[in-house]
Amino acid sequence: MQNFGLEIWGDDNFLIREGQLALNYARCPSLLEITQTIRERGYRGPLLLRFPHLIKKQIASLFDAFHSAMEEFEYQGKFHAVFPLKVNQFPNFVHSLIRVATPYGYGLEAGSKGELIIAMSETPMGAPITVNGFKDKEMIALCFTAAKMGHNITVTIEGLGELQTIIEVNREFNKESITTVTPKIGVRIRLHSSGIGSWAKSGGYSSKFGLTSTELLEAFELLQRSKLLGQLSMVHFHIGSQMSEIAPLKKALREAGNIYTDLKNRGAFALSAINIGGGLTVEYSQHSHAQERNYSLKEFANDVVFLMQEIAKNKGVETPDIFTESGRYIAASHSVLIAPVLELFSQEYHQKSLRLKEDNPPLIQELNDLFETINRTNAREYLHDALDHMESLLTLFDLGYIDLEDRSNTEILANLIIKKAITLLKDEDTDELKRLQNRIQEKYLVNFSAFESLPDFWGLSQHFPVMPLDRLDTKPTRPASLWDITCDSDGEIGFNPDLPLYLHDIDVTKDEYFLAFFLTGAYQEVLGMKHNLFTHPTEVIVNFDEAGEMHLDDLIEAQNLMDILDDLEYETGKMDKSLKQKIEESPLIDEEEKRVLLGKLYLYLSENSYLKTIQATYDL
Ligand SMILES: Cc1ncc(COP(=O)(O)O)c(C=O)c1O
């Protein structure tokens, strides 16, 4: 797996050139070159690179797929899309998104007051805003304010209570106004169809969201009675994120389509759109046998358009406009997290660490002979002998017959033999060899926090593609486990023999080795936790001008130590004083040293929590 499954998850966004991973765009800069340029400016620790051209690519492909399907089926309705802010609210992402999305009339979806404020200020006038999730009176009043500003806003109701509040706010808001403005109203429906996978519970009867058939009929009548039926414009559903199969979507579309046409035939004259939510899958897998998606974007768009057309035709109503709220599909590929490897933790199993004696216990001597004479023909037999000898030698240690040096020699020799045997038998794919890879895995200590940067790995075992930035013309041979720098054993991406990751054998005291984690642009950033007080990494936007020149823009440095503490509501001014006072009053330090220590302390406080160096001769 020298290309780390790039053809499975990479979507032609990257290519390998002269052993380095490069962007498949403009002049194809290598990611290592971009990383080095930023590091030369003094930024250390993990880096988050954002690529707006990849956001644009995803938006273009979504619109193209729906436009082609509509053309093919001669569909009369229009296609619209909004980006659900919950997927990534970070300003460098949102600003990049709006910049590339404006020509498409692409809008934003908000699920909370904070997100609504972002949507109200950032959505270009005319582009749609949809508002989902539970709302109180203030939030509904904010939606009315957006409508008064001239925004094209649809408030989706999640329950009858919300509709009552809309009616009340409508009355109050428009009482003394010269022009009556009411946002469009959408209804989120509770389908009996549910999605598939980790997020299936967003749909189905027991879902947290949406109106049942009974509530829907009551909502319809309430809208009629309060003369707001003219505002009911959208039927909305969302059956769950990362829908790995197409079948549940088709089922949900039939159900939602029939609800739409029923309401329309019942007299919902202004109803004109069906919003199918998100759910489009991203392929995160690096191994072909573990692929996560069984359909293409074309199939997805064709199914939506065809089914809506068919249902509308059968029920004699006009085909609705189609809205999507795909988030993961739009945002995931745009960011790459790059983190330096700080150390390898199996270096102790190096031949140079052997402490062989003049006179070794016979089994150790035999282990050494096995190591020196193992070859392709005897590899399996010698491997079994080595494992057997190791068991016996460890028992001898427990019984007090051999010493710590003998035990260390045993561990080193046995591991070296296992490593050699695995290399010699690499064409044989047996369970035994797979299991043994676990024994000889290298632990790569990586300068990042899985809790902060890959929270879905921690919470949901979500896999994110990972690969080194260079040496890609050399076969990686070390079964790898990745350790983050948090003091938490959950911060480990363990070696999985069924989905193995092999990395290069490196000496971090001499060479830099960077790992890149891909498809981290959806959900990870805001869900990231400050566990151990590691914060959002330093980030930069990688833009390209029309001539194809690269520009590294809007760099935001990871928070410094005092800012992190300030966020936790520590009184950092007081802490600062206390630290200073403790140094100044310490009887253990002389005046000159106090001055030096204070200088150093202030330097440390201005830096972030990621590590600078462990033992390497260069800065990390
Ligand atoms: C209502 C709604 N719309 C859209 C989305 C985005 O889904 P995805 O990121 O899978 O496209 C979600 C995600 O949970 C959602 O709840």
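Now for a description of the structure that goes with this document.

Now for the nonpolar core. Membership of the largest hydrophobic core comes to 139 residues, with the highest contact counts inside it found for Leu31 and Phe300. If you tally residues by element for this core, the top one is helix 3 (residues 52-72), at nine residues. When near neighbours in sequence (up to four residues on either side) are disregarded, Phe300 contacts Phe66, Met243, Ile246, Leu249, Ile276, Leu280 and Tyr295. Counting 24 residues, the second largest nonpolar core, distinct from the first, contains Ile374, Ala379, Leu393 and Ala421.

Mapped onto the elements, Asp403 comes out in the loop between helix 13 (379-398) and helix 14 (404-424). Assessed through its relative accessible area of 35%, Asp403 is described here as partly exposed. Ignoring any residue separated from it by four or fewer positions in sequence, one finds Asp403 in contact with Lys357 and Phe397. From its side chain, Asp403 meets the backbone nitrogen of Glu405 in a polar contact 3.1 Å long.

Right, let's get into the pairing of strand 7 (residues 152-157). On a regular strand, each side chain points to the face opposite its neighbour's, so the side chains alternate between the two faces of the sheet. Burial analysis of strand 7 places five of its six residues in the buried class, the great majority of the element. As paired strands, strand 6 (residues 128-131) and strand 7 are joined by four bridges and run parallel to one another. Residue Val131 lies in a different strand from strand 7, and its bridge partner there is Val155. With helix 6 (residues 137-149) bridging strand 6 and its parallel neighbour strand 7, the resulting β-α-β unit is right-handed. Two elements, strand 7 and strand 8 (residues 184-188), share four bridges in a ladder whose sense is parallel.

Lining the immediate surroundings of the ligand are 16 residues, of which Ser241, Glu325, Gly327, Arg328 and Tyr523 lie closest. Contact distances for the ligand include 3.0 Å between an oxygen atom and a backbone N or O atom of Gly279. Contact distances for the ligand include 2.7 Å between an oxygen atom and a backbone N or O atom of Gly327. Contact with the protein chains hides 93% of the accessible area of the ligand, taken as 400 Å² for the molecule alone.

Taking 1.5 Å of rise per residue, the 20 residues of helix 9 (residues 247-266) would be expected to cover 28 Å, and the 29 Å separating its terminal C-alpha atoms lies within 8% of that figure. Once helix 9 finishes, Gly267 follows within two positions and takes phi at roughly 125°, a positive value.

Turning to the sheet that holds strand 11 (residues 321-324), a few remarks are in order. Spatial strand order, 4-5-6-7-8-9-10-11: eight strands in a closed barrel with parallel pairing. Direction aside, the axes of adjacent strands within the sheet are offset by 25° on average. For strand 4 (residues 79-84) and strand 11, the ladder comprises three bridges, and the chain directions are parallel. Looking at the pairing, Ala81 lines up with Thr324 of strand 11. Against the sheet, helix 5 (residues 113-122) contacts strand 5 (107-110), strand 6 and strand 7, and its axis sits at roughly 165° relative to strand 5. Its contacts with the sheet put helix 6 on strand 6 and strand 7, and the angle it makes with strand 7 is roughly 155°.

Here Asn415 lies in helix 14. Not counting residues within four places of it along the chain, the set of residues in contact with Asn415 comprises Tyr349, Arg439 and Ile440.

Further remarks concern the pairing of strand 9 (residues 232-236). Here strand 9 lies mainly inside the structure; five of its five residues are buried. Here strand 8 runs beside strand 9; their pairing, made up of four bridges, is parallel. Considered in strand 9, the bridge of Ile185 is made with Leu232. Pairing of strand 9 with strand 10 (residues 273-275) involves three bridges; the strand directions are parallel. Counterpart to Met234 in the pairing with strand 10 is Ala273. For the crossover that starts at strand 9, traverses helix 9 and ends in the parallel strand 10, the hand is right-handed.

Under the definition given, this model contains 28 salt bridges. Between Glu525 and Arg50 there is a salt bridge, with its nearest N and O atoms 2.7 Å apart. Of the two residues, Glu525 sits in helix 18 (residues 524-527) while Arg50 sits in strand 3 (residues 47-50), which places them 475 residues apart along the sequence. Arg50 carries the same exposure label as Glu525, and that label is buried. When the shortest N-O distance is used, the salt bridge between Glu158 and Arg188 registers 3.8 Å. Linking Glu158 in the loop between strand 7 and helix 7 (160-175) with Arg188 in strand 8, this pair joins segments that are 30 residues apart in sequence.

How each quantity is defined
- Residues numbered from 1 in each chain as written.
- Predicted model: local features only at pLDDT ≥ 70, side-chain atom pairs only at ≥ 80, totals over all residues.
- Heavy atoms only, no water.
- Core = buried A, V, L, I, M, F, W, Y, C linked by side-chain atoms within 4.5 Å.
- Buried < 20%, exposed > 50% of the residue type's maximum accessible area, 1.4 Å probe, protein only.
- Helix = DSSP H or I, 4+ residues; strand = E, 2+ residues; numbered from the N terminus.
- Contact = heavy atoms within 4.5 Å.
- Polar contact = N/O pair within 3.5 Å; in protein donor to acceptor, adjacent residues only side chain to side chain.
- Pairing = 2+ DSSP bridges.
- Right-handed = clockwise from strand over helix to strand, strands pointing away.
- Near = heavy atom within 4 Å.
- Areas by Shrake-Rupley, 256 points an atom, 1.4 Å probe, with all protein chains shown as cover.
- Expected span 1.5 Å × (residues − 1).
- Axes fitted to C-alpha atoms, helices over the stretch in contact; angles between N-to-C directions.
- Salt bridge = Lys/Arg side-chain N within 4 Å of Asp/Glu carboxyl O.

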